[in-house]
Amino acid sequence: EGKGQVVIVGGGYIGLECAAALVGWGFEVTMVFPEKHCMPRLFNDELAKWLEDQYASRGIKLLKGDSVTELVSGGVGGAVSSVTLKSGASLPCS
């Protein structure tokens, strides 16, 4: 059983590092970023695809071309329990 669900906002260096650590610690990880691939100012399409494939093979979900518009509190002490995306979708987090 996993430790919880995490949504990482952004597909840059810090988001990638956090995703790698969190999935290694047993969390279910989803990354959300508006660009067509991770680290768009640094990586070309080919390099980004390779890295994204590596992350996906480890169970990290990548939602590209969307963005977080709202953090929804509902957890203990007002903790964030889900995020709402520009597309209208909602992702749970714990």
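These figures come from a predicted structure and were not determined experimentally.

Cut-offs and rules
- Residues numbered from 1 in each chain as written.
- Predicted model: local features only at pLDDT ≥ 70, side-chain atom pairs only at ≥ 80, totals over all residues.
- Heavy atoms only, no water.
- Helix = DSSP H or I, 4+ residues; strand = E, 2+ residues; numbered from the N terminus.
- Expected span 1.5 Å × (residues − 1).
- Buried < 20%, exposed > 50% of the residue type's maximum accessible area, 1.4 Å probe, protein only.
- Arc of directions from axis to C-beta.
- Contact = heavy atoms within 4.5 Å.
- Polar contact = N/O pair within 3.5 Å; in protein donor to acceptor, adjacent residues only side chain to side chain.
- Pairing = 2+ DSSP bridges.
- Axes fitted to C-alpha atoms, helices over the stretch in contact; angles between N-to-C directions.
- Salt bridge = Lys/Arg side-chain N within 4 Å of Asp/Glu carboxyl O.

Student: Explanation requested: helix α2 (residues 45–57) in the structure shown.
Tutor: An α-helical turn contains 3.6 residues, so any two residues separated by three or four positions project in the same direction. Between its first and last C-alpha, α2 extends 18 Å over 13 residues, near the 18 Å set by a 1.5 Å rise per residue. Every buried residue belonging to α2 is among A48, L51, E52 and Y55, and all of these are buried. Viewed end-on, α2 has its buried residues packed into an arc of 100°, placing them on one side of the element. Exposed and facing more than 90 degrees away from the buried side of α2 are E46 and S57. Considering only its buried residues, α2 is in contact with α1 (13–24), β2 (28–33) and β3 (61–64). Near the N-terminus of α2, the side chain that reaches the backbone nitrogen of E46, with its oxygen 3.1 Å away, is that of N44.

Student: Help me understand the sheet that holds strand β5 (residues 80–85), please; the structure alone is not making it clear to me.
Tutor: Sheets are built from strands that pair by backbone hydrogen bonding, the pairs being arranged parallel or antiparallel. The strand order β4-β5-β6 describes an open sheet built from 3 strands, whose pairing is antiparallel. Here the strands that pair on one side only, and so sit at the sheet edges, are β4 (68–73) and β6 (90–92). Recorded for the sheet is a direction-independent mean angle of 25° between the axes of neighbouring strands. Here 3 bridges tie β5 to β6, and the two strands are oriented antiparallel to one another. Bridge pairing links V83 to L91 in β6.

Student: What should I look at first to understand the sheet that holds strand β1 (residues 5–9) in this one?
Tutor: Spatially, β1-β2-β3 is the arrangement adopted by the 3 strands of the open sheet, whose pairing is parallel. For this open sheet the edge positions go to β1 and β3, each flanked by a neighbour on one side alone. When strand polarity is set aside, the average angle formed by the axes of neighbouring strands in this sheet is 20°. Bridge count between β2 and β3: 4 bridges; the pairing is parallel. When the sheet's bridge partners are listed, F33 is paired in β3 with K64. Across the sheet, α1 touches β1 and β2, and the angle it forms with β2 is around 165°.

Student: Help me understand the pattern of salt bridges in this model?
Tutor: A side chain with one charge can pair with a side chain of the opposite charge if their charged atoms come near. According to the stated counting rule, one finds 4 salt bridges in the structure shown. A salt bridge links E28 to K61; the nearest nitrogen and oxygen atoms lie 3.2 Å apart. On the criterion of sequence distance, the pair formed by E28 in strand β2 and K61 in strand β3 is long-range, its members being 33 residues apart. Assessed through its relative accessible area of 40%, K61 is described here as partly exposed. The partner of E52 in a salt bridge is K64, and the shortest N-O contact between them spans 2.8 Å. You can see E52 sitting in helix α2 and its partner K64 sitting in strand β3, a full 12 residues away along the chain.

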